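# Analysis of the macromolecular model
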Amino acid sequence: MIEVTRVLLQDILRQGRARYPAGACGVLLGVPGDPAVVEASRPGRPASEACAGPSAEDIEAAGREGATRGLAVIGTWHTHPDVPAEPSPGDPAGVETGRVTLIVSVRKGQAAEWACWTAETGLSGLQPVIVRLTGG
């Protein structure tokens, strides 16, 4: 399980709508635990590039930035333009074991749905993660 504030989720959804029909992505920063508490998101690639998920450089830079604030990389997020918020064939390769990926479906420029997934040792594919929304 992870906890995410409604304000942070709304910001991620806004970024997805703004980049549509291109993809948007970012890195989730927070406090590890059960549940992990996501406190910030750092955008991936510049707006001029397509974004199917944050690059290794995006994740490393976010990790360094988060460490200065006492935060760790909890996972990543990315959009799926005009398809469901379900893992695509390439998504499992981009999720490090123990981290999460939040997938946002943006359809016709509107955030339609979102879901969170993780890679677990010994299991194939991605497994769903419960997200608890907090705050106003």
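Residues numbered from 1 in each chain as written. Predicted model: local features only at pLDDT ≥ 70, side-chain atom pairs only at ≥ 80, totals over all residues. Heavy atoms only, no water.

Here we come to unusual backbone geometry. For the bond running from Tyr20 to Pro21, omega is 10°, close enough to zero to count as cis. Relative to the assigned elements, Pro21 resides in the loop between α1 (6-19) and β2 (25-31). Omega for the bond connecting Asp34 with Pro35 falls within 30 degrees of zero, at 10°, which places this linkage in the cis form. Checked against the element boundaries, Pro35 lands in the loop between β2 and β3 (36-43). The backbone phi angle of Asp82 is positive, close to 65°, even though this residue is not glycine. Here Asp82 shows up in the loop between β4 (72-81) and β5 (100-107). Using a relative accessible area of 41% as the deciding quantity, one classes Asp82 as partly exposed. Although it is not a glycine, Lys108 sits at a positive phi angle of roughly 50°. (Helix = DSSP H or I, 4+ residues; strand = E, 2+ residues; numbered from the N terminus. Buried < 20%, exposed > 50% of the residue type's maximum accessible area, 1.4 Å probe, protein only.)

Our next topic: the environment of Ala56. Summarising the element assignment, Ala56 is placed in helix α2 (residues 56-67). Looking at Ala56, the relative accessible area reads 46%, which means it is partly exposed. Distance from Ala56 to Ala119, taken between C-alpha atoms, is 17 Å for residues 63 residues apart in sequence.

Turning to the layout of surface pockets, a few remarks are in order. Space inside the largest pocket adds up to approximately 230 Å³. Together, 14 residues line the largest pocket, and Met1, Ile2, Gly98, Val100 and Thr118 are the ones closest to its centre. For the lining of the largest pocket, the secondary-structure elements that each account for two or more residues are β4 and β7 (127-129). Of the residues assigned to the lining of the largest pocket, the class counts are nine nonpolar, three polar and two charged. (1 Å grid on protein atoms, 1.4 Å probe; cavity = no way out; pocket = protein on both sides within 12 Å on 5 of 7 lines; lining within 4 Å. Points joined across faces, edges and corners; volume = space filled by probe spheres on them. Nonpolar A, V, L, I, M, F, W, Y, C, P; charged D, E, K, R; others polar.)

Ile2 and Leu28 are the most contacted members of the largest nonpolar core, which has 19 residues in total. Elements that contribute at least two residues to this core include exactly β1 (2-5), α1, β3, β4 and β5. In this structure Leu28 touches Ile12, Val38, Ala40, Ser41, Ala72, Val73, Ile74, Gly75, Thr76, Trp77, Val100 and Leu102, once residues within four positions along its chain are discounted. (Core = buried A, V, L, I, M, F, W, Y, C linked by side-chain atoms within 4.5 Å. Contact = heavy atoms within 4.5 Å.)

So, on to the pairing of β3. As judged from the three bridges shared by β1 and β3, these two strands associate in the parallel manner. By the bridge assignment for β3, Val4 is matched with Val38. As judged from the six bridges shared by β2 and β3, these two strands associate in the antiparallel manner. Following the sheet pairing, Val31 is matched in β3 by Val37. Taking the residues that link successive antiparallel strands as the turn, the β2-β3 hairpin has four residues, and the phi of Gly33 there is positive, at about 155°. (Pairing = 2+ DSSP bridges.)

What follows concerns the environment of Pro32. Its location among the elements puts Pro32 in the loop between β2 and β3. Given a relative accessible area of 56%, Pro32 falls into the exposed group. Taking the C-alpha atoms as reference, Pro32 lies 6.6 Å from Ile74; in sequence the two are 42 residues apart. Not counting residues up to four positions away in its chain, the partners in contact with Pro32 are Ala72 and Ile74.

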